Amino acid sequence: MCGIVGYVGSQSALDVVMAGLKRLEYRGYDSAGVAVLADGGLATAKRAGKLVNLDKELSEHPLPSAATGIGHTRWATHGGPTDANAHPHLDNAGRVAVVHNGIIENFAPLRAELAERGHELPSETDTEVVAHLLAEEYSACADLAEAMRLVCRRLEGAFTLVAVHADAPDVVVGARRNSPLVVGVGEGEYFLASDVAAFIAHTRDAVELGQDQVVELRRDEGVSVTAFDGTPADVRSYHVDWDASAAEKAGYASFMLKEIAEQPKAVADTLLGRVDGSGTLSLDEVRIPAGVLREVDKVVVVACGTAYHAGLIAKYAIEHWTRIPCEVELASEFRYRDPILDQQTLVVAISQSGETMDTLMALRHAREQGARVLAICNTNGSTIPRESDAVLYTHAGPEVAVASTKAFLTQLVACYLVALYLGQVRGTKYGDEIGDVVRDLSGISGAVERVLGTMDPVRELARSLAHKNTVLFLGRHVGHPVALEGALKLKELAYMHAEGFAAGELKHGPIALIEEDLPVVVVVPSPRGRSILHDKIVSNIQEIRARGARTIVIAEEGDEAVVPYADHLVRVPATPTLLQPLVATVPLQVFACELATARGNEVDQPRNLAKSVTVE
Ligand code: AGP
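A brief structural summary. Sequence positions are assigned chain by chain, starting from 1 and proceeding in written order. Where local features are concerned, this predicted model is filtered to residues with pLDDT of at least 70; where side-chain atom pairs are given and counted, the filter is 80 or more; whole-chain, interface and lining totals use all residues. Only hydrogens and water are removed before side-chain values are computed, so all heavy atoms of the structure are retained for them.

Let's talk about the packing of helix α10 (residues 305–322) against helix α14 (residues 406–426)
The line we're drawing: Orientation is described by lines fitted to C-alpha atoms, with helices fitted over the stretch in contact, and by angles between N-to-C directions that extend from 0 to 180 degrees. Helix and strand definitions follow DSSP, with helices as H or I runs of at least four residues and strands as E runs of at least two, each counted in order from the N terminus. Orientation categories follow fixed angle ranges, with anything under 35 degrees roughly parallel, anything over 145 roughly antiparallel, 65 to 115 roughly perpendicular, and all other angles oblique. Throughout, a crossing is termed right-handed when the near helix is turned clockwise from the far one, and left-handed when it is turned anticlockwise from it by less than a right angle. Here, residues are in contact when the closest pair of their heavy atoms is within 4.5 Å. Only Asp, Glu, Lys and Arg are considered charged in this grouping, and only Ala, Val, Leu, Ile, Met, Phe, Trp, Tyr, Cys and Pro are considered nonpolar; every other residue, Gly among them, is considered polar.
As a packed pair, α10 and α14 sit with axes 9 Å apart at the nearest point and diverge in direction by 25 degrees. Taken together, the axes of α10 and α14 lie roughly parallel to each other. Where α10 crosses over α14, the handedness of that crossing is right-handed. Within the contact between the two elements, α10 uses Thr306, Ala307, His309, Ala310, Ile313, Ala314, Ala317, Ile318, Trp321 and Thr322 and α14 uses Phe408, Gln411, Leu412, Cys415, Tyr416, Ala419, Leu420, Leu422 and Gly423. Residue classes in the contact of α10 with α14 are distributed as 14 nonpolar, five polar and no charged.

A word on unusual backbone geometry
In the segment running from His87 into Pro88, the intervening peptide bond is cis, with an omega of 5 degrees. Here Pro88 shows up in the loop between β4 (68–74) and β5 (89–90). Phi at Asp212 takes a positive value of approximately 55 degrees, unusual for a residue other than glycine. Among the secondary structure elements, Asp212 is positioned in the loop between β11 (205–208) and β12 (213–218). Unusually for a residue other than glycine, Tyr495 sits at a positive phi of about 55 degrees. Structurally, Tyr495 is set in the loop between α18 (479–494) and β21 (497–502).

A look at the sheet that holds strand β9 (residues 182–185)
Our working rule: By the convention used here, strands pair only if DSSP detects at least 2 bridges between them.
Taken in spatial order, the eight strands line up as β3-β2-β4-β1-β10-β9-β11-β14 in an open sheet, and their pairing is antiparallel. In this open sheet, the two edge strands, each paired with only one partner strand, are β3 (41–48) and β14 (236–239). This sheet shows a mean twist of 15 degrees between the axes of neighbouring strands, independent of strand direction. Of the strands in this sheet, β1 (3–8), β2 (31–38), β4 and β10 (190–193) are in contact with helix α1 (residues 13–24), which crosses β1 at around 155 degrees. Along the sheet face, helix α2 (residues 51–60) touches β2 and β3 and points at about 135 degrees away from the line of β3.

What about the packing of helix α8 (residues 263–271) against α14?
Their axes nearest at 9 Å, the elements α8 and α14 cross at an angle of 25 degrees. Between α8 and α14, the angle is such that the two are roughly parallel. Along this stretch, α8 crosses α14, giving a crossing that reads as right-handed. Each of Gln263, Ala266, Val267, Thr270 and Leu271 in α8 lies in contact with α14, whose residues at this interface are Lys406, Leu409, Thr410, Val413, Ala414 and Leu417. Among the residues making up the contact of α8 with α14, the classes are represented as seven nonpolar, three polar and one charged.

The structure is reproduced here in structure tokens:
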């Protein structure tokens, strides 16, 4: 995700845009930049790093005063967080400036086409092609909104674009497809932003933009909206009733609730652009030669916390789809056990922040032993991907809450993609088989959306258990790491004892913990998969219920075998066995968040924790 702001009116465009970017910095903070229209031309400033770096640049080299401008704070997808890759991007004549949120999937052929026509594109970004295309179209029609419509019709992928042209100093134009953009309507001034937080200090009157629409803001004429084909669009105006600080959370009470709600989009965005029409995976950031991957004879996943749980699930997928042995190690333990690594070992380092010192030290050790390292990371340009041989970025957008939610689901998607890619490269998975799994994965976003729509009973149950001291979590197969993750969420948010077990281990000791009314969450595998797994866990539920446990059962729609033994039944959509963690984890996230809130805890910043643990 990135933060985008556009303004036209009578205030200082720079002040309005910078204040707006500050409100949006949670959406991305790899780099930032602004462009203003003044004295018949464009004036720009952009800097890698947090917004404070741009502030410093502007105080040392002020831009001319202007009443029209755009700005951007970046969450890098294509191209690292450098000054050159920071937005806005310009055409070669410096007459057009554009900022972008999303991924333009067909930027490579467009870039090649522009280069053939003599354009020079110095950045590594996908966005830059838009500035050059807009310049070409504008030179023919002298209408920035029309130029935007023509360009948008050529773009594939997800994008929010906002642009200005030096020849049209009273105009800001925007466009959106599968990426947010909202209009603010003030008194003789107009705003465009990724979300209302950017302009809520100036106006609470907003206009919602729909899919594939172009919006034109003119200082003296107001707002006009069309479809990409130019037909006028009906738009919905509304009044924002949030205060400014709530608006950063888009109206949610916490970033954690917002990020739980963002999971369907995060899962979809992580898949975007990674499968071509024929079902072939194209993981272009995984820059490890196919020949090297074909020689891999062992995979070792290293990670911490929630990322470690993602690795435990990845193990099942990697071994099932590639038949390569896969070990999963706590990064903090890995190098002290003197692991057996060589050039045929592929180490997968999973990290949301890309700065976790335990994981970084583990990958450094692995590289010293000659192993190849592939990072799965959510933070472009962070240390772990920078020190790895290759990286597969999750596109969850910034995760602000300390307790990881959307990053976890996108880590799972990335792990499935890596496993499938290894299978594709090694020929243990054929195109049609990969296509089947990718089709299942593409349905997960909707499945998660459906789960999120049925969480009221889970929230009510969580509130009723807020006084409890212990909750246990059971699971089998990929449900076991889900149980561990559910327990971790409850520990770190509600500060209560919670423990996850492999259900088969219960009778080897933990069953002694079962007592009257003890809440036990059980993640039940699909009855359609390995029925033996399903039948055994139903027996486990009976065993604990016979000893007084209060059973909270997570089971797929249609699984009737669990009904007699579930004191509380939480349904999730039927999914293939290996993919079930993507839907079964969500109720556990909601449960932990709601129980912690009922206890009066601050869920975004739990006590004693930090979002990125940069010490060993
Ligand atoms: C999970 O909710 C925690 N925030 C924590 O366990 C986290 O997953 C772990 O510290 C790893 O962080 P990373 O993904 O940034 O490396």
